[in-house]
Amino acid sequence: MADTGLLESLLRLLEKVDGGTDSQDVAADLGVDHQVIVGAVKSLQALGEVISAEQKSSKHWELTGEGREIAEQGSHEARVFNAIPDEGLPQNQLMKMPSGKVGFSKAMSNKWIRLDKAHEGGPRVFKTVETIEDAVRDKLQLVQKGQSAKLEDKEKNELKKRKLLSEVTVKSYWITKGSSFSTTITKQETELTPEMIASGSWKEKKFKPYNFEAMGVAPDCGHLHPLMKVRTQFRQIFLEMGFTEMPTNNFIESSFWNFDSLFQPQQHPARDQHDTFFISDPALAQQFPQDYLERVKKVHSEGGYGSQGYKYDWKIEEAQKNLLRTHTTAVSARMLYKLAQQEKFTPVKYFSIDRVFRNETLDATHLAEFHQIEGVVADYGLTLGNLMGILHQFFTKLGITKLRFKPAYNPYTEPSMEVFSYHEGLKKWVEVGNSGVFRPEMLLPMGLPEGVSVIAWGLSLERPTMIKYGINNIRELVGHKVNLQMVYDSPICRLDS
Amino acid sequence: MPTVSVKRDLLFEALGQKYTDEEFDELCFEFGLELDEITSEKEILSREQGDEKAEGASDVVLYKIDVPANRYDLLCLEGLVRGLQVFKEKLEAPRYRRVSPADGGEPQRLLITEETASVRPHAVAAVLRNISFTQERYESFIELQEKLHQNVCRKRTLVAIGTHDLDTISGPFTYTAKPPGEIRFKPLNQSKEYTAAELMSLYKTDSHLRHYLHIIENEPLYPVIYDSNGVVLSMPPIINGDHSKISLKTKNIFIECTATDLTKAKITLDMVVTLFSEYCNEPFTVEEAEVVYPDGKLCLYPELAYRTETLSGDFINKRVGINESAESIAQLLTRMCLRSEVSGEGDLIQVEIPPTRADVIHACDIMEDAAIAYGFNNIVRSTPRTYTVANQLPLNKLSELLRQDLAAAGFTEALTFALCSQEDIADKLRKNITETRAVHISNPKTAEFQVARTSLLPGLLKTIAANRKMPLPLKLFEISDVVLKDETKDVGARNNRRLCAVYYNKSPGFEVIHGLLDRVMQLLDVKPGRDQGYHIQAAEDSTFFPGRCAEIFSCGKSIGHLGVLHPDVISRFELTMPCSAIDIDIEPFL
């Protein structure tokens, strides 16, 4: 910081003027270098509203080093002229003078001197006039006094060409009194201290202003994973809609519950080794509800419940094969079977969000495991219109209101509908989920009453999360290759905004 | 979902109407199809093999249309056009008829010998008479067989189709099975004869056929069909003989389908003949063929069975959520190729299911077709009145609450895979795989999917390894399921919800992890103490550094471990800094 004496001098000067002053004038008035005043202005600005200073730039003429020399000692030609005595001077001697060369030719062209080349003892220089007027020096002295305005532009440019003058740009400040102007300086405090609060001294102190442009210090905290944040929201939506959470904590499932109970035939491509992870240890499931298993076998191989069946040789060995469940619908099947064992049917709404597994080809948007979101409603007399209505409510909570439905095929639902929503960004309809009404061949063997319909829908958790958080490669989101910085930086999840 | 590729202009010509791409896309959407891609052979070639190869290829516009997996009747241009025309009420669904040979002659006969029983026991057959092929029709006929092979025929495992120029062969035909060395013929598009054994090695390198070899490769007898002169028609499910191959000029076609699943064979045959009998002199008629089983039983094919279902208008209305008269529902169904009439008894509707609609096996399938014809998007959306009270699964509720507080305690949540390699859960953790109680996957494509994880620790350590550039310390946690073998469960395994956290820094930070345990116990309202509380006591665990591991007990029961990881564990996960960890079972706190 500039010394307090200077600062106060500056402030006293400012006190006397109306409307403000230029820092260059202050420098001239106080007789100090302009840069010192610039430093003082910055120090005063840091004190808060004592002064206000606006930077401006101005051009002015200044003498060069040579220019200053001339202003002091006279121009080269004048110096040459003055060096010549009445009896003249040998030219070679004159040329040895510091100003000799330049001064000689200028003095010659001014016709102040003449050269006698034929003089005995070599060429000799003589004055031609008695007195001279050193105009160059006079002009430079004007500039030096700050009166360059008295010179014509042509003259200044002439001197600039001779490298005696230069035009310089000066950054200076226009200083005016600030809102808390005072001519005395108080030292600034950086922070409020307990002592200041106790003594009340904070009232008299000035505090150094904060830089509000800088970032704060990151809090030392943990972070929730974005996919799990989205899961929490979906869970919340289901709970808001009155859905009860299903126990999906069983990744290992039998083919029976994963496929057969859903009326998915044993030759179905999904049951292929290429699509499903089978388990070698423990390879087979035991303990099926025997009479239910018989009904499932019958509806597959012979039909019944109004169905033609698939008419093939259904094998228990195939149903026993353990696998990593390919959908959480396996759990829905277990839950619906359990519901059917109740003495009296009660309507239910179920949901789950959990991992499922597919032995598929992996790419930027597909992993071998992902989270399936599933909703199921079982009640008497549910219609396809009801399914669309509930889907509309569900997707509205996700901020999606424009829906339409496309007929589709799924082995365990009929009708089956793909859910499309209008994507404002892409300007087209995109698939956002799948839905349908469970087939009677699935429900009736479980023992559910004839008039009960079960509607259901599903979608993946990863896709809406990737869209929400703008992630293109699923590996950056799920699994150990996650980018932790992304986890740290991810905002809270509000699906409807 | 199968994709059918059709030439746009040909499609529009057959539909008798031009559409813009958007209009056709809309029509598909309404009908349950999807216009997946608009392209050309040139574009496909250029994309797959580069511009050079595409030079000179056709730039005729192709529509790639996704067809529902159960609609085999839509797997070619002819089927799509017929379905859409009937849907748009521009055409009445044709009636398919099985006829006897025109001149009162004997039908073609296919004899099945008992040798086929062990390998491919079923066969069905039919004849298309006086068919007129054009280049396009011929290509579509070949393409349909391929689509059927890939779908209903399950890559030829269930059914294989053979089509033959009947005028080059003479019945009766024999379907038998023979040792591969005894079968010898000139296969399709080859110039010389091979034995079946030679063919199997010849096709090992065939990009198309090699996928079917496994179906019979290890059988002692291979299926084969001969004509009465010993000419080989085909060696299903691999290849046909060259002798009887069909061409553009073929007039009469003998079609045989051999199968391991008779139902699917009948469906396949019905599809081929219904879709292409359109081009017979007498359209939509198919000449019958006799199939004689080893036991002498005689069947006539194709079945071309029409079935009638009776259901009420009320049933449709109630299931769909509409209110239409029985007449109008009958009309809707007729548009879906299900010819329907009001029976006159109340609001009962008689629905005839044609042989092309093998997918209709229950009244709910009929109900869906009524809804499609009505238009899914014309159905009024309504909220079900189902009243229920929501419940959280207690285990998930506990996990959700703990997650929030672990993050508040300064740990960041990781989300790692439930599947991993054996090495991850055994060698890398200095454990023996047999003591892990791990569930093993029989068909992993890579080592990443060998087992279900038995611990959350490997996933967390791998997450750190992938984020070594991040500033230290790294504090991570995960609350999720591991899978353990459990003989008391029907599937022999169960999930176990665990909490795992790691601290990775220049110093091991055991006190940090220990502090986290104290905090978790505080959150679970378990006080420090030996009996009713929790305590830790020194333990040996090969994953941890000797003398730096403790077992955690809550209410006298062991719930997990904490400690400083063994340096070998750290380096096996490609880490360089000391690391401490905690791993506990949270199910006892339910």
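Here the structure is a predicted model, which means the values were calculated and not measured.

Our focus in this paragraph is the overall build of chain B. Broken down by element type, chain B carries 16 helices and 30 strands. For chain B, whose C-alpha radius of gyration is 33 Å, the value lies well above the compact-globule estimate of 25 Å for 590 residues. Each principal axis of the C-alpha atoms in chain B carries an extent, and together these give about 100 × 65 × 55 Å. Scored against the burial criterion, the 590 residues of chain B give a buried share of 56%.

Right, let's get into the UniProt feature "domain: B5" (unreviewed entry) in chain B. With numbering matched to this structure, UniProt assigns "domain: B5" (unreviewed entry) to residues 304-381 of chain B. Note that residues 304-381 of chain B is 37% helix and 19% strand, and that its end C-alpha atoms are spaced 39 Å apart.

Looking now at the domain arrangement of chain B. Residues and elements named next belong to chain B. Split into domains, chain B comes out as domain 1 (3-87), domain 2 (97-301), domain 3 (307-375) and domain 4 (394-589). Contacts between the two partners involve 12 residues from domain 1, matched on the other side by 17 residues from domain 2. Where domain 1 abuts domain 2, roughly 1200 Å² becomes buried across the two surfaces, and 62% of that area is made up of carbon and sulfur atoms. Area buried by domain 1 at its contact with domain 2 is led by Tyr72, Glu78 and Arg82, which between them contribute 50% of it. In this assembly, domain 1 and domain 2 are joined by 2 salt bridges. The closest approach of N and O atoms between lysine 7 and glutamate 136, which form a salt bridge, is 4.0 Å. Looking at the side of domain 1 that touches domain 2, the element that brings in the most residues is helix H5 (residues 77-87), giving 4 residues. Residue classes in the side of domain 1 that touches domain 2 are distributed as 6 nonpolar, 2 polar and 4 charged.

This paragraph deals with the interface of chain B and chain A. Facing the 94 residues of chain B at the interface are 109 residues of chain A. A combined buried area of about 8400 Å² lies between chain B and chain A, and 55% of that area is made up of carbon and sulfur atoms. The interface formed by chain B and chain A holds 8 salt bridges in total. Residue A:Arg334 pairs with B:Asp490 through a salt bridge whose shortest N-O separation is 2.9 Å. Our count for the contact surface shared by chain B and chain A stands at 55 residue pairs in polar contact (both at pLDDT 80 or more). Considering each element in turn, the side of chain B that touches chain A owes the most residues, 8 residues, to strand E25 (residues 474-485) of chain B. Along the lines of polarity and charge, the residues of the side of chain B that touches chain A split into 42 nonpolar, 27 polar and 25 charged. The pairing of strand E11 (residues 279-281) of chain A with strand E23 (residues 440-441) of chain B spans 2 bridges and is classified as antiparallel. Bridging across to E23(B), A:Asp281 finds its partner in B:His440.

This next bit is on the packing of helix H5 (residues 76-83) of chain A against helix H7 (residues 100-109) of chain A. All names here are of chain A. Between H5 and H7, the least distance of the axes is 7 Å, while the angle of their chain directions is 85 degrees. What the angle tells us is that H5 and H7 run roughly perpendicular. Contacts between H5 and H7 involve His76, Glu77 and Val80 on the former and, on the latter, Gly100, Val102, Gly103, Phe104, Lys106 and Ala107. In the contact of H5 with H7, the residues fall into 4 nonpolar, 3 polar and 2 charged.

With that settled, consider the sheet that holds strand E13 (residues 239-240) of chain B. All names here are of chain B. With mixed pairing, the 7 strands of this open sheet are ordered in space as E13-E12-E11-E8-E5-E16-E17. With partners counted over all chains shown, the strands left at the sheet margins are E13 and strand E17 (298-301), one partner each. One ladder, built from 2 bridges, connects strand E11 (residues 222-226) with strand E12 (residues 232-235); its direction is antiparallel. Each residue of the ladder has a partner; that of tyrosine 226, found in E12, is valine 232.

Let's shift gears to the pattern of salt bridges. Residues and elements named next belong to chain B. Enumeration over the complete set of coordinates arrives at 58 salt bridges over all chains. Ionic pairing is found between glutamate 352 and arginine 95, a salt bridge with its closest N-O pair at 2.9 Å. Of this pair, glutamate 352 sits in strand E20 (residues 348-353) while arginine 95 sits in the loop between H5 and strand E4 (97-99); the two residues are 257 residues apart in sequence, bridging distant segments of the chain. The partly exposed category is assigned to arginine 95, whose relative accessible area is 41%.

This next bit is on the environment of A:Arg12. Checked against the element boundaries, A:Arg12 lands in helix H1 (residues 4-16). Linking A:Arg12 and A:Glu49, residues 37 residues apart in sequence, is a C-alpha distance of 16 Å.

The next subject is the pairing of strand E8 (residues 173-178) of chain B. Residues and elements named next belong to chain B. For strand E5 (residues 108-112) and E8, the ladder comprises 3 bridges, and the chain directions are parallel. By the bridge assignment for E8, leucine 110 is matched with phenylalanine 173. Pairing geometry for E8 and E11, over 5 bridges, is antiparallel. The residue of E11 that forms the bridge with threonine 174 is tyrosine 226.

Take H7(A) next. Residue and element names in this part refer to chain A. All of the buried residues in H7 are Gly100, Gly103, Phe104 and Ala107. Buried residues in H7, looked at end-on, bunch into an arc of 105 degrees, giving them a common side. Exposed and oriented more than 90 degrees from the buried face of H7 are Lys101 and Ser109. Contacts from the buried residues of H7 go to H5, helix H6 (91-95), strand E4 (113-116) and strand E5 (124-127). Looking at the residues trailing H7, positive phi occurs at lysine 111, about 60 degrees.

Residue and element names in this part refer to chain B. Note that the residue after glycine 171, namely proline 172, is joined by a cis bond; omega there is -5 degrees. Turning to its location among the elements, proline 172 is positioned in the loop between strand E7 (159-165) and E8. Omega for the bond connecting tyrosine 301 with proline 302 falls within 30 degrees of zero, at -5 degrees, which places this linkage in the cis form. Among the structural elements, proline 302 can be located in the loop between E17 and strand E18 (307-312). If you check the backbone angles, glutamate 89 has positive phi at about 55 degrees while not being a glycine.

Residue and element names in this part refer to chain B. Pairing within the open sheet is antiparallel, and its 3 strands lie in the order E1-E3-E2. The outermost strands of the open sheet, each flanked by one partner alone, are strand E1 (3-7) and strand E2 (34-40). For this sheet, the mean inter-axis angle between neighbouring strands, taken without regard to orientation, is 25 degrees. In this sheet, strand E3 (residues 61-66) lies alongside E2 in antiparallel orientation, the contact comprising 6 bridges.

Before going further, it helps to examine the packing of helix H11 (residues 226-240) of chain A against helix H12 (residues 394-408) of chain B. Angle between the axes and distance between the axes are the two parameters that describe a pair of packed helices. At a minimum axis distance of 12 Å, the contact between H11(A) and H12(B) shows a crossing angle of 135 degrees. With respect to each other, H11(A) and H12(B) are oriented oblique. Once H11(A) is placed against H12(B), the crossing between them reads as left-handed. Across from A:Met228, A:Lys229, A:Arg231, A:Thr232 and A:Arg235 in H11(A), the residues of H12(B) making contact are B:Asn396, B:Lys397, B:Glu400 and B:Arg403.

What counts, and at which threshold
Residues numbered from 1 in each chain as written. Chains lettered and ligands numbered in written order. Predicted model: local features only at pLDDT ≥ 70, side-chain atom pairs only at ≥ 80, totals over all residues. Heavy atoms only, no water. Helix = DSSP H or I, 4+ residues; strand = E, 2+ residues; numbered from the N terminus. Rg over C-alpha atoms; globule rule 2.2 N^0.38 Å. Buried < 20%, exposed > 50% of the residue type's maximum accessible area, 1.4 Å probe, protein only. UniProt positions renumbered as here; feature names shortened; annotations may be inferred. Domains from an automatic or database assignment. Contact = heavy atoms within 4.5 Å. Buried area = accessible area lost by both parts, 1.4 Å probe. Salt bridge = Lys/Arg side-chain N within 4 Å of Asp/Glu carboxyl O. Nonpolar A, V, L, I, M, F, W, Y, C, P; charged D, E, K, R; others polar. Polar contact = N/O pair within 3.5 Å; in protein donor to acceptor, adjacent residues only side chain to side chain. Pairing = 2+ DSSP bridges. Axes fitted to C-alpha atoms, helices over the stretch in contact; angles between N-to-C directions. Parallel < 35°, antiparallel > 145°, perpendicular 65-115°, else oblique. Arc of directions from axis to C-beta. Left-handed = near helix turned anticlockwise from the far one by under 90°.

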